[in-house]
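# Fold and contact review
Now for the letters of each chain:
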Amino acid sequence: MDQSRVMQNADFLRQLGHGGRRNQAELIRRASSRQINAVCDVVRHILNHDIPALSYDLSHFQHQRLVLRSLISARISINRKKTILLSHLELVPRLLRDYYLARILIFTLRSREI
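A short tour of the structure in this document, coming up. Remember, predicted model here, so these are calculated numbers, not experimental data. (Residues numbered from 1 in each chain as written. Predicted model: local features only at pLDDT ≥ 70, side-chain atom pairs only at ≥ 80, totals over all residues. Heavy atoms only, no water.)

## Some thoughts on the side chain of Asn9
Spelled out, the test is: Labels follow the DSSP assignment, with helices taken as runs of H or I lasting at least four residues and strands as runs of E lasting at least two, numbered in each case from the N terminus. We call a residue buried when its accessible area falls under 20% of the maximum for its residue type, exposed when it is over 50%, and partly exposed in between, using a 1.4 Å probe and counting protein chains only. Two residues qualify as a contact provided that any one of their heavy atoms is within 4.5 Å of a heavy atom in the partner residue.
As for its placement among the helices and strands, Asn9 is situated in the loop between helix H1 (5-8) and helix H2 (10-18). Under the relative-accessibility criterion, Asn9 is labelled buried at 10%. In contact with Asn9, other than residues within four places in its own chain, are Arg34, Gln35 and Ala38.

## Here we look at the packing of aromatic side chains
Short version of the rule: Each pair of aromatic rings taken from Phe, Tyr and Trp, with Trp reduced to its six-membered ring, is defined by centres within 6.5 Å and is described as stacked if the planes are under 30 degrees apart, edge-to-face if over 60, and tilted in the remaining cases.
The full count for this structure, using the stated rule, is 2 aromatic pairs. Here Phe61 and Tyr100 contribute two aromatic rings whose centre-to-centre distance is 6.3 Å and whose plane-to-plane angle is 45°, an arrangement assigned as tilted. Within this pair, whereas Phe61 is found in helix H5 (residues 55-63), its partner Tyr100 is found in helix H9 (residues 98-113), the two being separated by 39 residues in sequence. Side by side, Phe61 and Tyr100 carry an identical accessibility label, which is buried. Among the aromatic side chains, those forming a connected cluster through ring pairs are Phe61, Tyr99 and Tyr100.

## Observations concerning the environment of Ile78
Among the structural elements, Ile78 can be located in helix H7 (residues 78-87). A relative accessible area of 22% means that Ile78 is categorised as partly exposed. Taking C-alpha positions, Ile78 is 8.9 Å from Ser32, a pair spaced 46 residues apart along the chain.

## Remarks on helix H3 (residues 21-30)
Formally: Directions are taken from the helix axis to each C-beta atom, and the arc is the one they span.
Of the positions making up H3, those classed as buried are Gln24, Ala25, Leu27 and Ile28. Considered in projection along H3, the buried side chains sweep an arc of 165° and stay on one side of the axis. Every exposed residue of H3 that faces more than 90 degrees away from the buried side is listed here: Arg22, Arg29 and Arg30. On the buried face of H3, the contacting elements are H2, helix H4 (33-47), H7 and helix H8 (91-95).

## A short note on the environment of Ile72
Note that Ile72 resides in helix H6 (residues 65-72). By relative accessible area, which is 15% here, Ile72 ends up buried. With 37 residues separating them in the primary sequence, Ile72 and Leu109 have C-alpha atoms 21 Å apart. What Ile72 contacts, discounting residues up to four positions off in sequence, is Cys40, Val43, Arg44 and Leu47.

## A look at the packing of H4 against H7
Our working definition: In this analysis, axes come from line fits to C-alpha atoms, helices being fitted only over the stretch in contact, and the angle between any two N-to-C directions falls in the range 0 to 180 degrees. Roughly parallel means an angle under 35 degrees; roughly antiparallel means over 145; roughly perpendicular covers 65 to 115; every other angle is labelled oblique. Take the far helix as the reference: if the near one is turned anticlockwise from it by less than a right angle, the crossing is left-handed, and if turned clockwise, right-handed.
Direction vectors running N to C along H4 and H7 enclose 60°, while the axes themselves pass 10 Å from each other. It follows that H4 is oblique to H7 by the angle criterion. H4 and H7 meet at a crossing whose hand is left-handed. Contacts between H4 and H7 involve Ser33, Ile36, Asn37, Val39 and Cys40 from the first element and Ile78, Lys81, Lys82 and Leu85 from the second.

Shown next as structure tokens:
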């Protein structure tokens, strides 16, 4: 069974979401392209309304929508996405809440059943 990037990198995403700022920055700097793409997949699911955003995160996401859109753009390189994540570290814990990761995993499993 082929797993999604989010499922393959679930441990990395949890570490990134729960780490301190210094730890998050180091993890992003050392991240592979698959791991950065997994973060971008989480953003894509949230922005495409595949999973509902929490009300207290919604206003923050709306203010940062250009940043979030650039993370899901195919035209932006992985190195540029890393730079964007490093310059907006305050977004990382909000994007990688356990709630969102669990909902994405459920969404992925349901879409594979169909």
